Structure formats: C-alpha cells, structure tokens
Amino acid sequence: MSRRWNLPLLLGLAMAVALIAAIVVPWVAPVGDPDRLTSMIKVDGKLVLPPFAPGQAGMLLGSDQGGRDLLVRIVYGARTTVLYALLITLVRVALALPLGLLAGWYKGWLAGLTRVMVTATNGVPGPVIVTVVLGGLGGFVQGSGWLALYCVAVAAIGFPRLAEQVRRLTEETAKRPYIEAAVATGAPVRRVLWRHILPVISGDVMVSVATEMGWVLLIMGQLAIFGINLGGTVRLSFDGRPPIILEKVPEWGQMLGMNRSLVRTHPWVPLYPAVALAMTVACLQFLAEGLRRRWLRRG
Amino acid sequence: MQRMRTVLRLWVTRLLLLIVSAVLLVGVTMLSKGWVYKLKPPTQFQIVSTEIESVHYDVGQYGAALQKYWADLRAGTLLLTPRTVAGASSLLMNPRNRLPLFEVLRPAWTNSLMLYCASVGAGLGAGVLLGSLVTLRRRFWKSLSMGFSVLGLALPDFGLVLGGQFLTLWASRTMGLKLWPILAAPETERGWLLPLLVLSLPPAAYAARLTAGALDEIMREDYIRTARSKGLHEARVIVGHAMRNALPRILSGLPVMLGVVLSSLPVVELITNWPGLSKWMVGVSEESTATVAVIFLAWGVLMDALAGSLHAAVALPGEEVSP
C-alpha cells in the first residue's frame, strides 16, 4: 500500500519548529542586542554609513538605518509579533465561539445576525475598517489603551467569519441522533453545547483557529503598510546628519511598514521582516491545510 | 419564483447593511473632529503657535462637523485636504492643497476598478484552468493543481509585492533583465504586471481549489461514464458535461474571491504606488477618509450582492443559497 505524504502538514511543522526556535533562542543563548546602534563602519579603507548591506559589519542580513542588526531584530521580533497575533486570535475565538454555538443551536435571528456581520466585515477591506476605528477612537485612549483598541479592532473584523464557521458546524452536528437523544433526556442547552457538540467540532475549530491566526498576522502586516504599528518610534540624530525616525519595538510589521520606502535603495531592510511575516503566515496556512487533510483522511 | 424571492431578499439585506454600515463608518471617522485644542499664545518669533495648552472634547463641534460633511456631500463640494497635526491652525494649510474631492476620486476610483476587474477576471480564468488539470490522469498535473491552490492562498500580498520588487531589482542588477517596474504605472502594460500578478493569485488559487474539488467528484459520476462510453471526445466530456455541473460550485466561491481581492487592493495599491483610491485614505482629512471608506464599503457590498445573485441564478435545485 502506498503511503501518501501530507506535504502541507510536514512543511507547516518544519516552519513552526523554526519559528519556535526563533522565539526561544534569545532566552537560552546570547544573540545580541536588538537596540545596539552602529553609526559607521570602515570597509576597504572607506567609511560606510548605515544601512549596511547583508554581510557587512558581521551582520548576516545587514542593518537598518540606525545600524541595528536586522537578524537580531527579526529574532527578537518573533516574540512580539507572534504574541500579539496569538492574543488577537484568542480574542477572536472568545467572541466567535459562544456566538457561533448559540447561533447554530437557536438559529433564527442570531444566525441571521452572524451572516450579516460576515457580509459587513467581508465587504470592507480590513485595513480600511481598522484605520477608521483607530483614527476616530484613538484620541480617546493613550498608551496601553491604544494597544488594547488595536487588538480589539483587529479581532472584531475577523471574528464574525469564525463565528459563522462554528455556527455551520454546530447546525450540522445538532442534527445527529445522539444530540436529539441528549435533548430528549432533558439535558440543558449549555451542557449539550459544551459536552456533546464542542468536542465533536473541536478538530474543525482548531483548523479554523490556525487559519485565523494566519489572517491576523496578514492584517498586522497590511496595517503596517497603512502606517498603523504596534510599537512606538525613536528619533535618532547622528552628528552632522539629518535626523531619522526608527521603529522602537522590534516587531516585524512595524519593521516592514516604516522602512518600505527604502525598497529602491536598500531593499533588504523592508524585505527580511516581510519574509519573516510571510513565512509565518504561510506556516499557519500550511498547518491548517495539513490538519484539515489529516482529519479528512481519518474520516 | 423562489429564486427571485431569494435574490430580492439578498439585495434588500445588502442595501440595509450598506446604509447602516456607512452611517457607522462616517460617524466613527468624524469622531476626531470633536476635539478642541487650546493653543499657547505664540512667542515673538512665531506667527502661529503649535504648542497645545489644553484639550477637551466637544460633542457639539462633532455634530456640526457631521452636519457640514453631509451638506458638502450632498452639494458635491467636499474638499480634499491633508490631515492637520493636532491643533494646527488652518493658516498653516497651503490653499493649493485644497482640491475638490470628487474630481480627485473619480480617476482614482476608475484606476482601482480597472485593476480590481482585471485581477478578478485573470484570477478566475487561471484558477479554473489550473483546477481543470485534475481531470488529466497523470499525477504530476494533479499535484501541480493542488500545490498551487495551497500556496496561492498561503502567501500574503505584501510579501509577494516586496518579493516581486526585490526580484526585479536583483534581475536588473545581475542580469540586466527588466521584469517589471518597481512602482506600478497604469499607462504602460508592464506597469500592470506586478499588482495584477499579486492580486490575481489568491482568487486563482481559490478558484483552482473549488474547480479541482468539484471536478474530482463529478468525473466519477455515472453520466460522465455514459458520455465517455458513447465515444464523446474527452474535452467535450469535461467542458460540456463536467464543467457545466461544476460551475455552480465554482460560482459559490465568487463572494469570497471578490472579498479577498478587495481586501488586498488597498495594500497592493499603496506598496506599488498605484494611483487608486487607497492613496486618498492615508494622511488626509477625516472627510476624505470617510468618503473613501464608504466607497470601499459600497463596492464590497455591491460585489457581494452581484456574486450572490449570480450564484442564485445558476444554483442547482436543492442547493443552499445564502440570502
């Protein structure tokens, strides 16, 4: 019997291992200081100003405009980026799961509301909604309040899609005979949903959650292009040179967004954070696809 | 009759949704108009001070801004102005920057719409073609079709644009090859390549997945076997019988494809410098942001309703059509 490889799952797992290594490495081994500035270096007797090209000044991926090592910043950035993506995904799940379960069970206006919310959030590009929300409400909050608003806004534009998937799965599962039997024996709705429906749909929900986290990372990158970033900025002025604005927190989206104008002159500065973000999105999508195939094969 | 009722319900729901969402979008965008900044008196070296003494929120000012926006919108006299820094006086604003908003948005919207339509068309066409490869009996083509459908949906738009820009730079520096311009230009054919390639990839991948899934099932049906046994040419079996029955399933994914392209459009426009609508959303006044957001909303809802109507028209008997 020929064994068919689940290529998306294998690829996803390999990329996930690399990602976890990037998150863990700074705790177990010294990788360098992500905020260390280098104002200039000497190459073949000539003075060179940042951004340094890959390989210069012992920096494998080069540096940003402040002479900070891109590889070190990308390694440190994995933690911030993945942590925020995970947090936003959890908020999405916390909002979508109860709504989807209840809408799938009671149907009626709750199911209609879920469908309408999906149409409304799918109708407008995500970055447009978040730009509007942060532009309008951003003035009312400061510091961590702004961060919370960012997370809630990004979570809010995606949770109806997840809720709709949960609703559909719940509606399908609720038709099974053992659910009817549980209802007939007088089991309360909360118990039926929690003990009988949720365990059955949990596999599909896990696949959706992995996909959702990929979408969250995607929208974080898109928002960075719109100039909406998680971390703050620092103004840096080297002697005799015009001041430059740099991103403060090593976060992939911000590293990409703030440096995208350098694509013509120093393309590696926005490219590597974009590659890191793209690989993580791809990793999650591969994992979701791989898990879906695995569960499909199991029937 | 049932189909007509479904389509009618679909349009009424979308219209109501459009009105409510548009009001919400404008209301939220204009919220920042309610802030009142009290500036410190200017020093002897300044004409106007930019230092803020105190800030408070005035609901009346917010209401007045909303009323003015609505009046200007109805009269078609909305102006496009750059977003001012907190508290900056209008004296600082260059009068030459005040442009009639609708005159600016009209060509921008045309450019965005052209790119959108071309991407959806190219993506759908390529996706259906690639998805049809599963009907070929060689495993390589099947794997290619499935691999493309997974990969196309997994790669993010901004990564693809930056990768494309880097690739053309690298090819030009190392081999002297000019693949496509780094920044898009709608007036030249090459200038379309990068944004079109990036935007058409997700719908192509999604259409390939739907087509492959549908054809894989349909090709095992009895009527396909009958058609083959009658001696029909394989191409005719695929196009005339299998594809005709796969079409409703492919079209059921149209709202998703349209939504994915629309959600990537602003980002691709911004990175490639495409002269579309998105340019007038960032760094401009709240009025402009609100208007562009409502245009995107109307566009998305309209496309969703059109795709839903098309699906309802070709849906097989008994197939569920979401109202």
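Along each chain, numbering runs from 1 in the same order as the chain's sequence is written. In the order they appear in the text, chains get letters beginning with A and ligands get numbers beginning with 1. Two thresholds apply to this predicted model, a pLDDT of at least 70 for residue-level local features and 80 or more for giving and counting side-chain atom pairs, whereas whole-chain, interface and lining totals are computed over all residues. Excluding hydrogens and water, the side-chain values take into account all heavy atoms of the structure.

Student: Explain the overall build of chain A here, please?
Tutor: Secondary structure elements are defined from DSSP: runs of H or I of at least 4 residues count as helices, runs of E of at least 2 residues count as strands, and each element is numbered from the N terminus. A tally of regular secondary structure across chain A gives ten helices and four strands. Counting helices and strands in the order they occur from the N terminus, chain A gives α-β-β-α-α-α-α-α-α-α-β-β-α-α. Expressed along its principal axes, the backbone C-alpha trace of chain A runs to roughly 85 × 60 × 30 Å. Between two residues, a contact is recorded if the distance between any of their heavy atoms is within 4.5 Å. Partitioning the intrachain contacts of chain A with sequence separation of at least 6 by distance along the chain shows that 70% fall at a separation of at least 24. Where accessible areas are quoted, they stem from the Shrake-Rupley method and a 1.4 Å probe; at the residue level, only the protein chains shown are allowed to cover. Of the accessible surface of chain A, which amounts to about 14300 Å², a share of 64% is contributed by carbon and sulfur atoms.

Student: Honestly, the interface of chain B and chain A in this entry has me stumped. Any pointers?
Tutor: A common way to state how big an interface is: give the accessible area lost once the parts meet. Every contact between the two is made by 50 residues of chain B and, on the other side, 41 residues of chain A. Summed over both partners, the interface of chain B with chain A buries about 3800 Å², with 77% contributed by carbon and sulfur atoms. Basic side-chain nitrogens of Lys or Arg form a salt bridge, by our definition, when they fall within 4 Å of a carboxyl oxygen of Asp or Glu. Here chain B is connected to chain A by one salt bridge. A salt bridge links Glu-289 of chain A to Arg-209 of chain B; the shortest N-O distance between them is 3.0 Å. Under this definition, polar contacts are N or O atom pairs within 3.5 Å; protein pairs additionally need one hydrogen-donor-capable and one acceptor-capable atom, and for neighbouring residues in sequence, both atoms have to be side-chain atoms. There are four residue pairs in polar contact (both at pLDDT 80 or more) connecting chain B and chain A. When contributions to the side of chain B that touches chain A are tallied by element, the ones reaching two or more residues are helix 1 (2-29), helix 4 (139-154), helix 5 (157-174), helix 9 (254-272) and helix 10 (286-314) of chain B. Among the elements that take part in the side of chain B that touches chain A, helix 5 of chain B stands out by supplying nine residues, more than any other. Throughout, buried area stands for the accessible area (probe radius 1.4 Å) lost by two parts on being put together, summed over both.

Student: Sorry, what's going on with unusual backbone geometry here?
Tutor: Negative phi is the rule for most residues except glycine; trans is the rule for most peptide bonds. All names here are of chain A. Note that the residue after Pro-50, namely Pro-51, is joined by a cis bond; omega there is 5°. Looking at the secondary structure, you find Pro-51 in the loop between strand 2 (46-48) and helix 2 (70-106). Phi at Asp-44 is positive, roughly 50°, even though this residue is not glycine. As for its placement among the helices and strands, Asp-44 is situated in the loop between strand 1 (41-43) and strand 2. Its identity as a non-glycine residue notwithstanding, Lys-107 has a phi of 55°, on the positive side. Tracing the chain through its elements places Lys-107 in the loop between helix 2 and helix 3 (108-123).

Student: I keep staring at the environment of Leu-101 of chain A and nothing clicks. Help me out?
Tutor: Residue and element names in this part refer to chain A. Within the element layout of this structure, Leu-101 appears in helix 2. Sequence spacing of Leu-101 and Thr-89 is twelve residues, and the spatial spacing of their C-alpha atoms is 18 Å. Discounting chain neighbours no more than four positions away, the residues touching Leu-101 are Val-166, Thr-170, Leu-193, Ile-197, Leu-198 and Ile-201.

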